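Each chain, letter by letter, is given below.
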Amino acid sequence: MTCRNLESDWTKSISLGAVFTSEIVSDANARPIGVQNTEEKRDSETVQSIASNETEECEKQGKWSELPSLPLEKIYSFLRRKDQINMSLVCRSWSEGYGSPSVWKIFRFALQESQVLMDSCPVMKFVEKYSSMFRHLKINGLYSENKHLVKNWCRHFVEFLQNLTRNKELISVEFKYFSYCFTHIDTPTYNYICRSIADFLASQHHLKLVEFYLCPFEYQESANLLRIIIENSRESLEHLKLRDFVSDENKDSNAAKKLPMLADLPSLKTLETDYSFIF
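Reading the values: rules and limits
Here the residue numbering is sequential within each chain, running from 1 through the sequence in written order. In keeping with the model being predicted, local features are shown solely for residues with a pLDDT of at least 70 and side-chain atom pairs are shown and tallied solely at 80 or more, while totals for entire chains, interfaces and linings include all residues. Only hydrogens and water are set aside; all other atoms, that is, all heavy atoms of the structure, feed into the side-chain values. What counts as a helix is a DSSP run of H or I of at least four residues, what counts as a strand is a run of E of at least two, and both are numbered from the N terminus. Identification of polar contacts relies on pairs of N or O atoms within 3.5 Å, with a donor-acceptor requirement for protein atoms, meaning one able to donate a hydrogen and the other able to accept it, and with residues adjacent in sequence counted only if both atoms are side-chain atoms. What a helix is expected to span follows from its residue count: subtract one and scale by 1.5 Å. We call a residue buried when its accessible area falls under 20% of the maximum for its residue type, exposed when it is over 50%, and partly exposed in between, using a 1.4 Å probe and counting protein chains only. Any Lys or Arg side-chain nitrogen found within 4 Å of a carboxyl oxygen on Asp or Glu counts as a salt bridge. Pairing of aromatic rings covers Phe, Tyr and the six-membered ring of Trp, with a centre-to-centre limit of 6.5 Å; geometry is then stacked below 30 degrees between planes, edge-to-face above 60, and tilted otherwise. Throughout this description, the term charge over a ring refers to an Arg CZ or Lys NZ atom that lies within 6 Å of the ring centre and within 35 degrees of the ring normal. Think of a nonpolar core as a cluster: buried Ala, Val, Leu, Ile, Met, Phe, Trp, Tyr and Cys residues, connected wherever their side-chain atoms sit within 4.5 Å. For two strands to count as paired, DSSP must find a minimum of two bridges between them. For helices, the fitted axis covers only the stretch in contact; all axes are lines through C-alpha atoms, and the angles between them, taken along N-to-C directions, range from 0 to 180 degrees. Residue contacts follow a heavy-atom distance rule, with two residues in contact if any of their heavy atoms lie within 4.5 Å. The crossover handedness rule: strands pointing away from the viewer, path from first strand over the helix to second strand clockwise, crossover right-handed.

## Remarks on the side chain of serine 222
- By secondary structure assignment, the location of serine 222 is in helix H11 (residues 219–232).
- Among the polar contacts listed, one links the side chain of serine 222 to the backbone oxygen of tyrosine 219, at a separation of 2.8 Å.

## Describing H11
- Between its first and last C-alpha atoms H11 spans 20 Å; for 14 residues at 1.5 Å apiece the expected length is 20 Å, and the two agree.
- Residues Tyr219, Glu221, Ser222, Ala223, Leu225, Leu226, Ile228, Ile229, Ile230 and Asn232 constitute the buried set of H11.

## A short note on the side chain of threonine 273
- With respect to the helices, strands and loops of the structure, threonine 273 is situated in strand E6 (residues 270–273).
- On the accessibility criterion, threonine 273 (18% relative accessible area) is buried.
- One polar contact links the side chain of threonine 273 to the main-chain carbonyl oxygen of leucine 242, over a distance of 3.0 Å.

## Points about helix H8 (residues 147–164)
- Across its 18 residues, H8 extends 26 Å between first and last C-alpha, which sits within 8% of the 26 Å expected from 1.5 Å per residue.
- Taken as a whole, H8 has its buried residues at Leu149, Val150, Asn152, Trp153, Cys154, His156, Phe157, Val158, Phe160, Leu161, Asn163 and Leu164.
- Two or three places before histidine 148, at the opening of H8, asparagine 146 has a side-chain oxygen 2.9 Å from that residue's backbone nitrogen.

## Structural notes on the pattern of salt bridges
- All chains considered together, the criterion is met by 10 salt bridges.
- The residue glutamate 235 makes a salt bridge to arginine 234 at a minimum N-O spacing of 2.5 Å.
- Looking at arginine 234, the relative accessible area reads 36%, which means it is partly exposed.
- A single salt-bridge network, built from bridges that share partners, covers Lys138, Glu174, Lys176, Glu211, Lys241, Arg243, Glu272 and Asp274.

## What to know about the packing of aromatic side chains
- Evaluation of the coordinates by the stated rule reveals 24 aromatic pairs.
- Positioned above the aromatic ring of tyrosine 213 is the side chain of lysine 241, whose terminal nitrogen or guanidinium carbon lies 5.2 Å from the ring centre.

## Remarks on the nonpolar core
- Phe175, Ile197, Leu201 and Phe212 are the most contacted members of the largest nonpolar core, which totals 61 residues.
- Here this core gets nine residues from one element, more than from any other, and that element is H8.

## A closer look at the pairing of strand E1 (residues 106–109)
- Of the two faces of E1, only one is covered, namely that formed by Phe107 and Phe109; the face formed by Ile106 and Arg108 stays uncovered.
- Here E1 pairs with strand E2 (residues 136–140) via four bridges, running parallel. Bridging from a neighbouring strand, isoleucine 106 pairs with histidine 136 of E2.

## Points about the sheet that holds strand E5 (residues 239–243)
- Overall, parallel pairing links the six strands, which are arranged E1-E2-E3-E4-E5-E6 in an open sheet. Edge positions in the open sheet fall to E1 and E6, since each of these has one partner strand only. Across the sheet, the axes of successive neighbouring strands diverge by a mean angle of 5 degrees, strand direction being ignored.
- Where strand E4 (residues 209–213) and E5 come together, five bridges link them in parallel fashion. By the bridge assignment, leucine 209 is partnered in E5 with histidine 239.

## Details of the environment of valine 116
- With respect to the secondary-structure elements, valine 116 resides in helix H6 (residues 113–116).
- Once the C-alpha coordinates of valine 116 and arginine 155 are considered, the two residues, 39 residues apart in sequence, prove to be 9.3 Å apart.
- Once residues lying within four places of it in the same chain are set aside, the contact partners of valine 116 are Leu111, Leu142, Leu149, Asn152, Trp153 and His156.

## Description of the environment of alanine 202
- Position of alanine 202 among the secondary structure elements: in helix H10 (residues 187–202).
- Classification of alanine 202 as partly exposed rests on a relative accessible area of 33%.
- With 23 residues separating them in the primary sequence, alanine 202 and leucine 225 have C-alpha atoms 9.0 Å apart.
- For alanine 202, the contacting residues outside a window of four places in its chain are Ile228 and Asn232.

## Describing the pairing of E2
- Bridge count for E2 against strand E3 (residues 172–176) is five bridges, and the pairing is parallel. Across the sheet, leucine 137 pairs through a bridge with valine 173, a residue of E3.
- For the crossover from E2 across H8 to E3, the handedness is right-handed.

## Details of unusual backbone geometry
- Despite not being glycine, tyrosine 177 has its phi angle at roughly 65 degrees, a positive value.
- Assignment of secondary structure puts tyrosine 177 in the loop between E3 and helix H9 (179–183).
- The phi dihedral of aspartate 244 is positive, around 55 degrees, even though this residue is not glycine.

Next comes the structure, spelled out in C-alpha cells:
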C-alpha cells in the first residue's frame, strides 16, 4: 500500500470518527428514542403502582362512606352551612351524619339580603326539622337602610323566634347588631319585635349565657327583658353581656329604678355592660 493510500485512509478514519463523536455529543441531552420510551413506560408503571398502593391502603382503612360518626361530625363542625348541605348529598352515610345533634348544636340566624327578599323565611325548613337539637343561638340583625328589607327581616326574625319557643333546652343566646333595624322601623314593628323577644326568653329556663350587643332598646323594654331573663333563668345564668342595651335617647332619672337587681342571679360569674347602664 502506498503512502498516499495510507494517508487517505487515515484521513477518512479521522473524518468518520469526528462525525460519530459529534452525533454522540449532540444526542447526549436528547436521549435516544428507544431509551426515552423505556423511561416513560417505567414512569407510567411507577405512577400506577403508587395509585394501586394508595387504593389498597384506602381499602384497608375503610371507605370514606364508612367513616365513623365521630370524625364525620368533626368534619361537619368545620364547614359552613352551605358546605354542610353539599357534603350531606355525597352518600347516605354522610346524609345521616348531617342530622346528628353535634352538627346542629350551634345555629346562626344571619340572613343575607337575597334571603330577606324571599316571601318565606329561608331557614325555617331547618328550624322545623332540627330545632330540637339547637343549644346555642347566634342572631345577627340586618345591616341595611332599605326600610322594605328591614321590615321583611323583622317578619322572618319573629317567625324564627316563635318556632324556637318549643325548644326548652337552649343553653345560650346572642342578639347582635339590631341598631340598624331599630333605626329604620316604625313603632308598631318595634313593639312587635320586643314582644317576640320577650316571649322567646320567657320560654327558656336553662340559659347559661345571654348577650345583647348593639341592641339599643328603650328603657321600658330593656327593663322588661332583663326582668324576664332573671325570672326564668335565675338559677342557671352564668354569663350576661349588655353592651349598648339601652338607647341613650330615652334615658331619664327615674327609669333606672325600674331595672331589676342583678344581685338576684346567684350563679352569675361574669357581667359585661356599659358604665352608663350601671349608673
